[in-house]
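Chain residues, written in single-letter form:
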Amino acid sequence: MQIEQHSFLVTGGASGLGESVVRAIVAQGGKVVIADLNESTGQALVDELGDNVRFVRFVRCDVTSGDEVQAAVELAEKEFGGLQGSINCAGIAVVQKLLDRENNPADLEAFSRGVNINLVGSFNVARLVAASIAKRVANIDNTESANEKNADNGIIINTASIAAFDGQVGQASYSSSKAGVVGLTLPLARELARHGIRVMTIAPGVFATPMMQTIPEKAREQLEAGVPYPKRLGNPNEFAKLVTHIIDNAYLNGEVIRLDGAIRMV
Ligand SMILES: NC(=O)c1ccc[n+]([C@@H]2O[C@H](COP(=O)([O-])OP(=O)(O)OC[C@H]3O[C@@H](n4cnc5c(N)ncnc54)[C@H](O)[C@@H]3O)[C@@H](O)[C@H]2O)c1
């Protein structure tokens, strides 16, 4: 699917990997609704994109809310005449051990918050974006299934993490939520095939984003040393390049791609 003239919902688009995706799509002539909790950084990005402002909108949106994601989808339908896909980058990292130093049990609410935003949020966005695309396509042509025509009507890209496979101590919430995102990929791709909608997941390694700036410098250096090649953190624009390739390459479907410089967490 070409990016130019098409429109995409980018959740978490106000920061880090999502922000990089917004910039890449707009640079290629695509249109974006940025759906994020952070109004100040989201609006600042829209303002900064200046000349391209007619192609970008920001909406404050919590990916766990059905009403708020539906409002973001409807904004894209109204402003851009419909959606061709979503790139779901909204996510949080919850760090807590099952037992603390005194062997007290973990906080259940913190565990659930990570699963709710990372996994349930991904499903929520996928279901509402897929419904929008499927209805638009059915209105255009309901005589022949999209699958038979190889129409490439839509693309849903979710963001997992290598923690889905190589989870560390303290990452129970994060790893299990991201493993859930991996698990969404094939069943959704199989189900949406008849609408000509592809579903892909990217599992990033360690990228230089605001999420990573919360870790101490020493830990960051250790992470960089653990990447076989290239020996550095990933650049968010390398994530965005993979996203734009996935959108463009119609034969990529139902798969999870690690983007990690060959790092394997032990
Ligand atoms: N940075 C990394 O090294 C790395 C590695 C693997 C996976 N990831 C995943 O990539 C995604 C993006 O991470 P990042 O590093 O760019 O993080 P980031 O913190 O820079 O950006 C995340 C964005 O998501 C938004 N957000 C958080 N909760 C939200 C919610 N409920 N609804 C809507 N928006 C919400 C935040 O406001 C923020 O703008 C996350 O899912 C993260 O788990 C990141």
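Residues numbered from 1 in each chain as written. Predicted model: local features only at pLDDT ≥ 70, side-chain atom pairs only at ≥ 80, totals over all residues. Heavy atoms only, no water.

### A few points about the site of the ligand
By nearness alone, 28 residues border the ligand, and Ser15, Asp36, Tyr174, Phe207 and Thr209 come closest of all. Leucine 17 is positioned such that a nitrogen or oxygen atom in its backbone is 2.8 Å from an oxygen atom of the ligand. Taking aspartate 62, its side chain carries an N or O atom lying 3.0 Å from a nitrogen atom of the ligand. Elements with a contribution of two residues or more to the shell around the ligand: helix 1 (16–27) and helix 6 (172–192). Split into classes, the residues belonging to the shell around the ligand amount to 16 nonpolar, nine polar and three charged. (Near = heavy atom within 4 Å. Polar contact = N/O pair within 3.5 Å; in protein donor to acceptor, adjacent residues only side chain to side chain. Helix = DSSP H or I, 4+ residues; strand = E, 2+ residues; numbered from the N terminus. Nonpolar A, V, L, I, M, F, W, Y, C, P; charged D, E, K, R; others polar.)

### Describing the packing of helix 4 (residues 108–140) against helix 6
Packed helices, taken two at a time, are described by their axes: the angle between them and the distance between them. Running from amino to carboxyl end, helix 4 crosses helix 6 at an angle of 15°, the nearest separation of the two axes being 8 Å. Comparing the axis directions of helix 4 and helix 6 gives the class roughly parallel. Of the two elements, helix 4 crosses helix 6, and the hand of that crossing is right-handed. Note on element contacts: helix 6 touches helix 4 through Ala172, Ser173, Tyr174, Ser176, Ser177, Lys178, Gly180, Val181, Leu184, Leu188 and Leu192, opposite Ala110, Phe111, Gly114, Val115, Asn118, Leu119, Ser122, Phe123, Ala126 and Ala130. (Axes fitted to C-alpha atoms, helices over the stretch in contact; angles between N-to-C directions. Parallel < 35°, antiparallel > 145°, perpendicular 65-115°, else oblique. Left-handed = near helix turned anticlockwise from the far one by under 90°. Contact = heavy atoms within 4.5 Å.)

### So, unusual backbone geometry
In this model, tyrosine 229 is joined to proline 230 through a cis peptide bond whose omega is -5°. Non-glycine residue aspartate 152 carries a positive phi angle of around 50°. Within the fold, aspartate 152 resides in the loop between helix 5 (146–149) and strand 5 (154–159). Its relative accessible area of 17% is what places aspartate 152 among the buried residues. (Buried < 20%, exposed > 50% of the residue type's maximum accessible area, 1.4 Å probe, protein only.)

### Quick word on the packing of aromatic side chains
One pass over the full model with this rule turns up one aromatic pair. Look at phenylalanine 207 and phenylalanine 239: their rings are 6.4 Å apart centre to centre, the planes differ by 80°, and that puts the pair in the edge-to-face class. Here phenylalanine 207 is found in the loop between strand 6 (197–204) and helix 7 (217–225), whereas its partner phenylalanine 239 is found in helix 8 (residues 236–248), with 32 residues between them in sequence. Looking at phenylalanine 207, the relative accessible area reads 6%, which means it is buried. Using a relative accessible area of 0% as the deciding quantity, one classes phenylalanine 239 as buried. (Phe/Tyr/Trp six-rings, centres within 6.5 Å; stacked < 30°, edge-to-face > 60°.)

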